[in-house]
Amino acid sequence: MPSTAVPSAAHESLLSATRRHTTSLTRALVTPTYPATPLLARSSRRWLRRLPYAVAGLLTIILLPVTAQLLTNDYGLNGGLATMLAAAQAGPLLLAVTRPLPAWWIAFIADIIGALAVLGYADLPERSWPWTPPGIIGYLFLLLALALRESRHTLVAVWLVTGGVGVFMGIPGARYSDGTNVLLFVLGGVVLLVGGALRERGDAQRRLAEQETISEAERARRTLLEERARIARELHDVVAHHMSVITVQADSAPYRIGGLPPEAEREFGTIAATARESLAEMRRLLGVLRSEDARGERAPQPGLDRVPQLVEATVRAGIPTTLSIAKDVAALGTLPQAVDLSAYRIVQEALANVVRHAPGAPTNVSILTSADRTGLTVLVVNGPASGAPGPPLETTGTGHGLIGMRERVRLVGGTLDTGPLPEGGFRLAARLPLVEVAESTNNAGDGPEHVGPAHTESTDGAERYPLAP
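Let me sum up the structure you'll find in this document. Just so it is clear, the model here is predicted, and its values are computed rather than measured.

How each quantity is defined
Residues numbered from 1 in each chain as written. Predicted model: local features only at pLDDT ≥ 70, side-chain atom pairs only at ≥ 80, totals over all residues. Heavy atoms only, no water. Helix = DSSP H or I, 4+ residues; strand = E, 2+ residues; numbered from the N terminus. Buried < 20%, exposed > 50% of the residue type's maximum accessible area, 1.4 Å probe, protein only. Contact = heavy atoms within 4.5 Å. 1 Å grid on protein atoms, 1.4 Å probe; cavity = no way out; pocket = protein on both sides within 12 Å on 5 of 7 lines; lining within 4 Å. Points joined across faces, edges and corners; volume = space filled by probe spheres on them. Nonpolar A, V, L, I, M, F, W, Y, C, P; charged D, E, K, R; others polar.

Notes on the environment of Phe141
Relative to the elements of secondary structure, Phe141 occurs in helix H6 (residues 133-147). On the basis of relative accessible area, Phe141 is assigned to the partly exposed category, the value being 35%. Considering only alpha carbons, one finds Phe141 and Ala56, 85 residues apart in sequence, at a separation of 8.6 Å. Not counting the four nearest positions on each side in its chain, Phe141 is found in contact with Val55, Leu59 and Leu93.

Below is the structure:
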């Protein structure tokens, strides 16, 4: 009993798989791929997009009269019937540019009808049968159009149907057949295989290009989010300092100011408690924003006082650099911490870009104030590259370049102007407002003019640090 049950189950499984694949192939034969776009329509070259139309038109012009004359003179068909069959066999080539599967059906049925129509011809054994030479040529081009458009299932089904019909017609008409059925089956398989491989390769390259575009957009978005998170972590120290000052002042107010009424003392106590609660919430927020590799960010945040050290590090990296800090900057006193930090980071990223992308380029860093002392201008100008890339300036830089600079300028409501110079090199000008404004109406062009080659003599009241390797 078990010995008969196993073969029966295997037999049913085989029948089920055969039925499933047959249904799939049959469905593929009657389901063309949509949309019906022309072959090679996605090519970026205009001549390549027009090539299928030119080939199809040329083949139709050649094959139609040749097929009609061949069927009339060599196979003895009536002229009208031969012309109709020729049109049905060669005409679908024009349709194959956009709808190759329906075109294949028309031409294949016309080829079969043509093969059956010449069966009674007396000299048939001396002719090619069941397929004529023009019919084979047109049929191969139809298969190529199919291979460039349809799915793998469709190509397999077309190939099997072509071979099956050729065998079916060759068995009873063996005395007429000269092997063109086998020839078409073999050549058709080669054309379908090569065309299908080319199509799948093109599809893979197209999907790869699309994925690269998506990846590039995602990478830019991730870079922007990382930079914003870093800025938020840095701003935590700035805000926490102010909140700590508020807490200390509110706690000490009853002791520093005598004779305060009880209501005022309770109000100061409430302010201190709220400030301490805000600090605790900020610490929790910082824990969310801080990544595992951000442990080095616990050091005090840098400012303009550390720009000379940064420039010295640039010189050690092989970049001849000059730093100019206007005396008006020192006269401003203590800068807003957000502006102070943003100015340092902008200089840091700008010099890092020079080291990476313009090695050996002479560079000038200028820090100036506006005429009304309401804004701070950071200007970094470098010449053309003249050497090999040097080592990185600092391990604490973001490495996000212009993206990070734009975000920091936007944070304080400033403007950023960047671009290449006509004689080579690059210019970066950032204007950071020192006062709160409702809406900035300035642009980077309002900043300082182009700074020429670095020199050591001051003509504008600025302190200059001539640094050269």
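Having put the structure on the table, let's press on.
Structural notes on the layout of surface pockets
In this structure, the largest pocket encloses a volume near 640 Å³. Lining the largest pocket are 19 residues, and of these Arg42, Leu148, Arg199, Asp203 and Arg206 sit closest to its centre. Among the residues forming the lining of the largest pocket, the class breakdown is eight nonpolar, five polar and six charged.

As for empty space enclosed by the protein
Picture a little ball the size of a water molecule; that probe, rolled over the atoms, points out where space is still empty. Counted by the stated rule, this structure contains three cavities of 30 Å³ or more. Each pocket or cavity is described by its volume, and for the largest cavity that value is around 100 Å³. Around the largest cavity, the lining comprises 13 residues; the ones closest to its centre are Gln89, Gly114, Ala115, Pro130 and Thr132. The greatest single-element share of the lining of the largest cavity, amounting to three residues, is contributed by helix H5 (residues 100-117). Here the second largest cavity defines a volume of roughly 60 Å³.

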